[in-house]
Amino acid sequence: MRRLVYTSVATADFAEGDLFRIVSQSARKNGDIGLSGFLLYSNRRFLQLLEGPADQISALYGVIQSDNRHCDCTVVLDEQIAHSAFSKWSMRRLRSTSNDAILAEIAEQAGRDVPSGLDSIIRDFLSQPAAS
Ligand SMILES: Cc1cc2nc3c(=O)[nH]c(=O)nc-3n(C[C@H](O)[C@H](O)[C@H](O)COP(=O)(O)O)c2cc1C
């Protein structure tokens with residue numbers, strides 16, 4: 001299995017109102033193919049964690065990268081894993097109320113399996129200024 005975390009920047013084609021549809025569609029489609037993860041949206045940037053069978057992750061990331069509602073997809077974590085840390089989240093939208101609240105929600109879900117380095121990846125992401 002593979003875990004992939006990337007960040008990207010929303011384009012003018014993305015309206016915040018699209019988020020609900022992206023997440024609900026992703027939750028359904030990802031669940032059907034055994035993928036799980038979460039999506040964080042803040043300051044016109046995305047951070048998404050995807051995990052599941054490596055070939056499914058590669059195929060989906062290809063589709064996602066060519067979605068013109070965002071650009072500058074940058075992989076920040078790519079690792080082989082024995083099992084999913086977020087198997088109950090087919091695609092969870094994490095809301096950026098506060099860094100600590102998000103990290104606590106992740107820790108609660110992943111337990112001892114919190115991916116190493118994820119805390120600082122998320123703190124860095126949330127501290128970035130709004131994308132222009
Ligand atoms: C930031 C972002 C994250 C996305 N994540 C997923 C995802 O996890 N799963 C998914 O199926 N589509 C995701 N999408 C949507 C895909 O890029 C694509 O629009 C969708 O899979 C096309 O589905 P359709 O061919 O059924 O219309 C995402 C789009 C964006 C902009």
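Residues numbered from 1 in each chain as written. Predicted model: local features only at pLDDT ≥ 70, side-chain atom pairs only at ≥ 80, totals over all residues.

Draft legend 1. Examining the site of the ligand more closely. The environment of the ligand is formed by 15 residues, the closest being S26, K29, F46, D67 and R69. Of all the elements, helix α1 (residues 18-32) adds the most residues to the shell around the ligand, at 4 residues. For the shell around the ligand, the per-class residue count stands at 7 nonpolar, 5 polar and 3 charged. (Near = placed C-beta within 6 Å. Helix = DSSP H or I, 4+ residues; strand = E, 2+ residues; numbered from the N terminus. Nonpolar A, V, L, I, M, F, W, Y, C, P; charged D, E, K, R; others polar.)

Draft legend 2. Local environment of the nonpolar core. If you look at the biggest cluster of nonpolar residues, it comprises 24 residues, and the most contacted ones within it are F38, L40 and L47. Of all the secondary-structure elements, those providing two or more residues to this core are β1 (2-10), β2 (36-42), β3 (45-52), α3 (99-110) and α4 (118-126). For F38, the residues in contact, after removing those within four places along its chain, are L49, F86, W89, M91, R92 and L94. (Core = buried A, V, L, I, M, F, W, Y, C linked by C-beta atoms within 7 Å. Buried ≥ 20, exposed ≤ 12 C-beta atoms within 10 Å, placed from the backbone. Contact = placed C-beta atoms within 7 Å.)

Draft legend 3. Looking closely at the sheet that holds strand β4 (residues 70-80). Read across the sheet, 5 strands follow the order β4-β1-β3-β2-β5 without closing on themselves; strand pairing throughout is mixed. Two strands lie at the open edges of the sheet, namely β4 and β5 (92-94), each paired on one side alone. Between one strand axis and the next, the sheet turns through 20° on average, direction left out of account. Taken strand by strand, helix α2 (residues 54-65) contacts β1, β3 and β4, and its axis lies near 160° from that of β3. Those strands touched by α4 are β1, β2, β3 and β4, and its axis lies near 160° from that of β3. (Pairing = 2+ DSSP bridges. Axes fitted to C-alpha atoms, helices over the stretch in contact; angles between N-to-C directions.)

Draft legend 4. Local environment of the pairing of β2. Most of β2 sits inside the fold, with 5 of its 7 residues counted as buried. Sheet topology note: the β2/β3 ladder contains 7 bridges and is antiparallel. By the bridge assignment, S36 is partnered in β3 with E51. The turn joining β2 and β3, which pair antiparallel and follow one another in sequence, is formed by 2 residues; a positive phi near 55° is taken by N43.

Draft legend 5. Broad picture of the pairing of β1. Counted residue by residue, β1 has 7 buried out of 9 residues, so it is predominantly covered. Where β1 meets β3, 8 bridges bridge the pair, whose relative direction is antiparallel. If you follow L4 over to β3, its bridge partner there is L50. In terms of strand pairing, β1 meets β4 through 8 bridges, oriented antiparallel. Bridged to V5 within β4 is L77.

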